Structure formats: C-alpha cells, structure tokens
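The primary structure of each chain is shown beneath.
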Amino acid sequence: MTHQYLALTAEQKKELSDIALRIVAPGKGILAADESVGHMAKRLNQIGVENTEENRRLYRQILFSADSRVKKCIGGVIFFHETMYQKADDGTPFVQMIKDKGIVVGIKVDKGVVPLAGTDGETTTQGLDGLSERCAQYKKDGADFAKWRCVLKISDNTPSALAIMENANVLARYASICQQNGIVPIVEPEILPDGDHDLKRCQYVTEKVLAAVYKALSDHHVYLEGTLLKPNMVTPGHSCPTKYSPEEIAMATVTALRRTVPPAVPGVTFLSGGQSEEEASINLNAINTCPLMRPWALTFSYGRALQASALNAWRGQSDNANAATEEFVKRAEVNGLAALGKYEGSGDDSGAAGQSLYVANHAY
Amino acid sequence: MTHQFPALSPEQKKALSDIAQRIVASGKGILAADESVGTMGNRLQRINVENTEENRRAFREILFSSDASINQSIGGVILFHETLYQKDSSGKPFPTLIKEKGIVVGIKLDKGTAPLAGTNGETTIQGLDGLAERCAQYKKDGVDFGKWRAVLKITSTTPSQLAIQENANTLARYASICQQHGLVPIVEPEILPDGDHDLQRCQYVTEKVLAAVYKALNDHHVYLEGTLLKPNMVTAGHSCPKKYTPQDVAVATITTLLRTVPAAVPGICFLSGGQSEEEASVNLNAMNQSPLPKPWKLTFSYGRALQASALAAWVGKSENKKAAQEAFRKRAQINSLACRGQYIVSGKTDTAATQSLFTASYTY
C-alpha cells in the first residue's frame, strides 16, 4: 500500500471542502426533503392527501418558498430525483429556488436496501451501478452533495460482522465515486431505534459501526474534509423501559463520536429517526451544550422532524400554503438555534436544569 | 459483535483517564529514559564511557535527581526494567525519587522486534507472553503507564498490508492488557525516517498506519481516553533531497492526525526519531503554533532529543553532574515552551512564514 496514487487534485479537494463547510456553517443544518415516492405516500396518506406527482410538487413548493429567514439556518436541502426536475408554479426550477437562497442542493443517490442472504434479516444498500455517470449528470444539473443511507439494526444477534463490514464498504465506494465527480458525499450508517435495548447498547454498537465506516473510508482513499456524516443519535430503543434525559443522550452520542469520527470531518448532521420535532431539537441542543470537546459541527439533517407541523398545517389545501410554510420556517429556526446550543426549549426550563444532569463521561 | 462485555468499570476508566491527563498536563511531556542495555551502550560509547550497570545508574540518577521544578516540564518518565529497581546514591529507589516530584512513572514493556517471514525485512514486536503478570507486578512497584514500540519502514514495497495489520494488532493486544492492570498504554507505531521519500509519502503511509491502529484499538475494546499515542512526526526521509520547513512538517503532521486520531485520545507525544535536540523542539513548537485545530495535546516523548547535551556535559565525570543537570533542565524547559507554541527560536521571526503556509494545507 506504500505508494499514493492521488485520487483528487488540490483544487478538487478545496472545492469539496468548501461545499461541506458551507452546508454546516455555524447555525445551519440540512432539510432532508428526499422522501421517495413510496415514502411520500405514507406522509400524504396521514393527512388525507392523494400521492400524485402534482401533490408532491405542491408540497415541496411549500417548503422551498420559505423566505430569507431560512438562509441563516438551512445550509443544504436533499432532493429526491423527481424533485430535482420539478418547478414552482411560476416556472422557476426548484433547484434554482434553493440555490438563489444561497443553500446547497443535494441528491439522494442510493437505490434502497437489499437483503444479505444468510443473515438474520439484515441488508445492504444498492445503487453503485452507473453511479459515476449519475453523479456527473446531477453535478451538471446543480447538485453539490449527495446522500446514501445504509441501515443496521440492533437485536440479539445483529448487527453481524458481515452487515457492518458490507455496509461500511458500500458507503466507502459511494463516497469515493461522489468525490471523483465534485459531489460531497453524506455518509449515513443508520442504526435503527427499533428494539428494547438500552442506551449503553446503542452506544456500543454505534462505536463499532462508525469505527468500521471510517476504516473503510480510509481504505478507499476518501478525502474526509470533503465528506459529512449523518448518523443516528445514540438513544435507547423505542421499547426500552428505561427513560433517559437529553443530557444522557448527548453524553453518549458525543462520547461515541469522539471515539470514532476523525476531527478532519467538518460536520455531523444527525438524522431524526423516529423522534418528534421537539425531541429532535432538544436533543440536538443538549449535544451542543455537552461539556465534552467537539471538534466537528454538530447539526441536523431532518426530514420528519422539520416537516411534520408543515404537513399538518397544509393538509393539501392551497389556502393553507402560507401557514404551512410558516410552520416549516419556525422549525428550521429552532433547529438552527439548537445547532448553536442556544435553544431554550418550548416552555419548560430545560436549559438551566439540563446542565446539572450531565453525568461524568467515565460512565460511558 | 452486538453485545458489550465491559472491559473496564467506570472506576478503572477514571483512574486510567486521570493518569493520562496528568502525563500530558499543559506544558508537560515525557522523558524517554528507557534505553535498553544495548542502546545505552551506543550512547555511552559516544562519550567514551564504559557501559556498566553503575554508569547507567549514575547517568539516570543525574536526570532523576534534578530539582523538583522539572515537574513543570516533565509529566512522565519511561524507564527500562533494570532502572526501575535501581536506587540513587542515598539508597532511594528511582521510582520514589521520580514520583515525589509528582511525575508519573512508566515502563518499556515490549521485548523487541521479531522478523515477519515472507516480507521484505519487515518486523512485528514480541512481548505479549506473560504480559498481564508483568503489568500487575510493575503496577505494584510504582508504575502507572507502559510503552510498546512497533516499527515500520518506508521503501518501494513497504510497509506491506501484513506488517501494518500485524503491528496494529499487537499494539492493540498490549494496550488491552495494560488497561486491565491499571496501566495507561502509550501506543507507539514508529515509521522510521530512513529513506529518500518525500513529505507526502510519509504522510500517506502515516495516515494508513494510524487508521489501522485505531481500528485495531476499537476491535480490541481499548478505552481511548486512557491511552496516549507516540507517533513519528510526518517528515521527509533522511536522504530526501528536498528540504521542508518546520511549518511544512507541522501542517503535514497535524493534517494526518486530524484524519486518523479520534478526539477522545487525550494526548499525542511525538518521538524524536533521528532529529537533533533543536530540530525536535522547533518542529514541536511549529505544531503548537499552527492555526489548524488540535483536539488533543501535542507534546513530546523524547529520548535523545532531551539527553544529548546532558550526556555530552557529563562525559562520565561526577564533577560534571551540575552541568549535565542544567543541560537537561534547559532542554526540558524549551520543550515545555514548544508544547505551548511559545518557544522563540533564536535568529528569525517565524510568524510571517507560519501565516503564509496555511493555505498549503489543501494539498495535503
């Protein structure tokens, strides 16, 4: 392995690094608006709206028409393929609407999970075929970053060594190809919150998974300064009987990241998983006030946790569009504050009271 | 891999973390006085002193009986086995002499290199047999940290995948065993400066080696907050025709560390390799002056670079004791300033040079 064969020139590295830093500039995070057609069906179903291309377009228009207030709290928007090529009512392409606000455009590039035979229901993610050509095209069409989601789950005998290794490898291949095409790869190794495991178990698994991811990225010669990480926060499983405070979640999460994510990575943009809008903001805020030293930006890449209220306010009625947009802007601003550790919560004094609940990290 | 079987209790973790923090407290570094009998022979021969046990004892006594204020610059001392059980002229054991100055005592634990068959002259390190029992005994005898040196070299065909993986694995086994016995393991994966390779090559190899080391430490469940790293600085090979400045060395070294060393590691104590006393101090100083982020302490673990002048002043004569101690004290103090980026190199003002080289980091 002794000789280096440069994967990227100095100019290419600078471009990738600049894009990444713009996305996670202080106080900014990502709007994950890349729900596939199938996923959008679930969302629209919940508010009694038919899943048509037009309705999906109308809904994304609500989000993208947000005014200049979002400039200071949204650094990037992740698109689904279909949405990249849609336009607003006045004919302005969505991509341009986003870029005009100084926000970076991203694209979901994976093609979903496929089973790993011989495992206990584990998966890998497909989408590598022709990925280089797709990236080149998306770059021409205005995208500067991409997202690829791998999925792991905690159960009595998962995640297995194969699942960890295979998903880490496929993430590294994707990242390498993206960078060759001037696209910053967001690396997303999601460990699902399903299960009754406790906080410690999630932390242990997260540490193992992230260590494997970063070893794979090193093996594949990926330029870390031109990547972002989108992990789960470290939380107990959904059906875990023990309850934990935001400070405990913050401590476990930051500890896990400090042990595995090289400081060269410019930003960590958490997924919200099954968390409610408020929960996702409170936890992000606790993470940003955690007393441990944090060498990367710690911010959000939220889907549901940024859109739930907006969807509810809209309910498919054009009269509700402005109110819905307003709900989104509110959530975006709250998360922008949380990314700076300045969100005081929606009423209860979680700010001051929260500080005293940090347990020394030797317990983690 | 899904279930955790805790390797250490929270109390054990705290004890290890506290020791590590004490060794690399602000402005402090390590005196590597663990030269084996053979290596000491080389040192003594150069000043025409016979390599006897008494002469080795006498020289170490000069260092360890320095005024207590040496503890402002020295946080830890690494001893060779023989030295741990030697005493000063008044009969006081060396570990006691060192500890009463508030300095932590360490011990070299490896048993030297062994060849890796089928490679181009590469090696691994032996010393794992009975290591647990040895650690337990050393802990009783006053030791709180261990050191183990793995060696890799850069040539047209090395380091090979096997050498990297095997040395990373033995380092991780050693580290795991140390922690079980309350000793903080200093992990030393030295890449020799021999050769005519340039700075970029050394950086590339160092990144690969350190990525493998931290993956192995993770695989072996080592508690990073209770370890220290002792790497080579990233430099060109000894016979490289191209010359680099201390700022070049600083940027290449820190960039490498940012890409591979988790922030959880409390301190990085560089080995001096073949550097002169002044070179080692100037390079360390340049690192601590660098505007690049440094989530860990960057300090020294120097052997020759702390003792060369002292040896030359002593030349085996007891009447030179004060002069030798003064030479050692001076070097220790200079390195203490270097750990804080406060060493004013006589002759030129380096600030301008430091500033203008920052943008070069993109090429790394």
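Up top is the structure these notes are about.
Being a predicted model, the structure only gives us computed values, none of them experimental.

**With respect to the overall build of chain B**
Turning to step 1, where the next piece is worked out: If you tally the helices and strands in chain B, you get 13 helices and ten strands.
Turning to step 2, where the next piece is worked out: In terms of C-alpha radius of gyration, chain B reaches 20 Å, essentially the compact-globule figure of 21 Å for 364 residues.
Turning to step 3, where the next piece is worked out: The principal-axis extent of the C-alpha atoms belonging to chain B is close to 55 × 55 × 40 Å.
Turning to step 4, where the next piece is worked out: For chain B, the proportion of its 364 residues judged to be buried stands at 61%.
Turning to step 5, where the next piece is worked out: Of the contacts formed within chain B by residues at least 6 apart in sequence, a portion of 81% connects residues at least 24 apart.
Turning to step 6, where the next piece is worked out: By element, 52% of the accessible surface of chain B is carried by carbon and sulfur atoms, the whole surface being about 14,000 Å².

**Things to note about the pattern of salt bridges**
Turning to step 1, where the next piece is worked out: Scanning the model with the defined rule gives 39 salt bridges over all chains in all.
Turning to step 2, where the next piece is worked out: Here Glu333(A) ties to Lys72(A) by a salt bridge, and the two come within 3.2 Å at their closest N and O atoms. Taken as a pair, Glu333(A) in helix α12 (residues 321-338) and Lys72(A) in the loop between α3 (53-64) and β2 (74-79) lie far apart in primary sequence, 261 residues in all.
Turning to step 3, where the next piece is worked out: Judged by its relative accessible area of 52%, Lys72(A) is exposed.
Turning to step 4, where the next piece is worked out: The residue Glu82(B) makes a salt bridge to Arg56(B) at a minimum N-O spacing of 2.7 Å. With Glu82(B) in helix α4 (residues 81-84) and Arg56(B) in helix α3 (residues 53-64), this pair connects stretches of sequence that are 26 residues apart.
Turning to step 5, where the next piece is worked out: Ionic contacts of the salt-bridge type, sharing partners, join the residues Asp34(A), Lys108(A), Lys147(A), Arg149(A), Glu188(A) and Glu190(A) into one network.

**Quick look at unusual backbone geometry**
Turning to step 1, where the next piece is worked out: A cis geometry characterises the amide bond from Thr158(A) onward to Pro159(A), with omega recorded as 0 degrees.
Turning to step 2, where the next piece is worked out: Summarising the element assignment, Pro159(A) is placed in the loop between β6 (145-152) and α7 (161-180).
Turning to step 3, where the next piece is worked out: In this structure, the amide linkage connecting Thr158(B) to the following residue, Pro159(B), adopts the cis form with an omega of 0 degrees.
Turning to step 4, where the next piece is worked out: The phi dihedral of Asn48(B) falls on the positive side, at around 55 degrees, and the residue is not glycine.
Turning to step 5, where the next piece is worked out: Here Asn48(B) falls in the exposed class, since its relative accessible area comes to 73%.

**Remarks on the environment of Phe80(A)**
Residue and element names in this part refer to chain A.
Turning to step 1, where the next piece is worked out: Among the secondary structure elements, Phe 80 is positioned in the loop between β2 and α4 (81-84).
Turning to step 2, where the next piece is worked out: For the pair Phe 80 and Gly 106, spaced 26 residues apart in the sequence, the C-alpha separation amounts to 8.7 Å.
Turning to step 3, where the next piece is worked out: Apart from residues no more than four positions distant in its own chain, Phe 80 is found in contact with Ala 33, Asp 34, Glu 35, Ser 36, Val 37, Ile 107 and Lys 108.

**Topic: α7(A)**
Turning to step 1, where the next piece is worked out: The terminal C-alpha atoms of α7(A) lie 29 Å apart, and with 20 residues this matches the ideal 28 Å at 1.5 Å per residue to within 8%.
Turning to step 2, where the next piece is worked out: At the C-terminal side of α7(A), Gly182(A) shows a positive phi close to 70 degrees.

**Quick notes on the environment of Ala32(A)**
All names here are of chain A.
Turning to step 1, where the next piece is worked out: Assignment of secondary structure puts Ala 32 in strand β1 (residues 29-32).
Turning to step 2, where the next piece is worked out: Remark: the alpha-carbon pair of Ala 32 and Lys 243, spanning 211 residues in sequence, is separated by 28 Å.
Turning to step 3, where the next piece is worked out: In this view, Ala 32 contacts Ile 78, Lys 230, Ser 301, Tyr 302, Gly 303 and Gln 307; residues no more than four positions away in its chain are not counted.

**Details of the interface of chain B and chain A**
Turning to step 1, where the next piece is worked out: Listed by partner, the interface residues are 43 residues for chain B and 44 residues for chain A.
Turning to step 2, where the next piece is worked out: Buried surface at the junction of chain B and chain A, both sides included, amounts to about 3,600 Å², of which 56% is carbon and sulfur.
Turning to step 3, where the next piece is worked out: Linking chain B with chain A are two salt bridges.
Turning to step 4, where the next piece is worked out: For Arg259(A), the salt bridge identified is with Glu225(B), shortest N-O distance 2.9 Å.
Turning to step 5, where the next piece is worked out: Among the secondary structure elements, those contributing two or more residues to the side of chain B that touches chain A are α1 (10-23), α7 (161-180), α8 (199-219) and α9 (246-260) of chain B.

**Side note on the nonpolar core**
Across soluble globular proteins, nonpolar side chains show a tendency to be buried alongside one another.
Turning to step 1, where the next piece is worked out: Counting residues in hydrophobic clusters, the biggest one holds 216 residues, and the most contacted among them are Phe64(A), Ile74(A), Phe79(A), Phe328(A), Phe64(B), Leu109(B) and Trp314(B).
Turning to step 2, where the next piece is worked out: Filtering out sequence-adjacent residues up to four positions away, Phe64(B) remains in contact with Leu31(B), Ala33(B), Val77(B), Leu79(B), Thr83(B), Phe94(B), Leu97(B), Ile98(B) and Lys101(B).

**As for the pairing of β2(A)**
Residues and elements named next belong to chain A.
Turning to step 1, where the next piece is worked out: Across the six residues of β2, six count as buried, placing the element largely inside the fold.
Turning to step 2, where the next piece is worked out: Bridge count for β1 against β2 is four bridges, and the pairing is parallel. The partner of Ile 30 across the bridge, within β2, is Gly 76.
Turning to step 3, where the next piece is worked out: The sheet contact formed by β2 and strand β3 (residues 104-108) spans four bridges and is parallel. Bridge pairing in β3 links Ile 78 to Gly 106.

**Brief notes about the side chain of Gln179(A)**
All names here are of chain A.
Turning to step 1, where the next piece is worked out: If you trace the backbone, Gln 179 turns up in helix α7.
Turning to step 2, where the next piece is worked out: Residue Gln 179 is classed as buried on the basis of its relative accessible area, which comes to 2%.
Turning to step 3, where the next piece is worked out: A distance of 3.1 Å separates a polar side-chain atom of Gln 179 from the backbone oxygen of Gly 226.
Turning to step 4, where the next piece is worked out: Setting aside chain neighbours within four positions, we find Gln 179 in contact with Leu 8, Leu 16, Pro 185, Val 222, Tyr 223, Gly 226 and Thr 227.

What counts, and at which threshold
Residues numbered from 1 in each chain as written. Chains lettered and ligands numbered in written order. Predicted model: local features only at pLDDT ≥ 70, side-chain atom pairs only at ≥ 80, totals over all residues. Heavy atoms only, no water. Helix = DSSP H or I, 4+ residues; strand = E, 2+ residues; numbered from the N terminus. Rg over C-alpha atoms; globule rule 2.2 N^0.38 Å. Buried < 20%, exposed > 50% of the residue type's maximum accessible area, 1.4 Å probe, protein only. Contact = heavy atoms within 4.5 Å. Areas by Shrake-Rupley, 256 points an atom, 1.4 Å probe, with all protein chains shown as cover. Salt bridge = Lys/Arg side-chain N within 4 Å of Asp/Glu carboxyl O. Expected span 1.5 Å × (residues − 1). Buried area = accessible area lost by both parts, 1.4 Å probe. Core = buried A, V, L, I, M, F, W, Y, C linked by side-chain atoms within 4.5 Å. Pairing = 2+ DSSP bridges. Polar contact = N/O pair within 3.5 Å; in protein donor to acceptor, adjacent residues only side chain to side chain.

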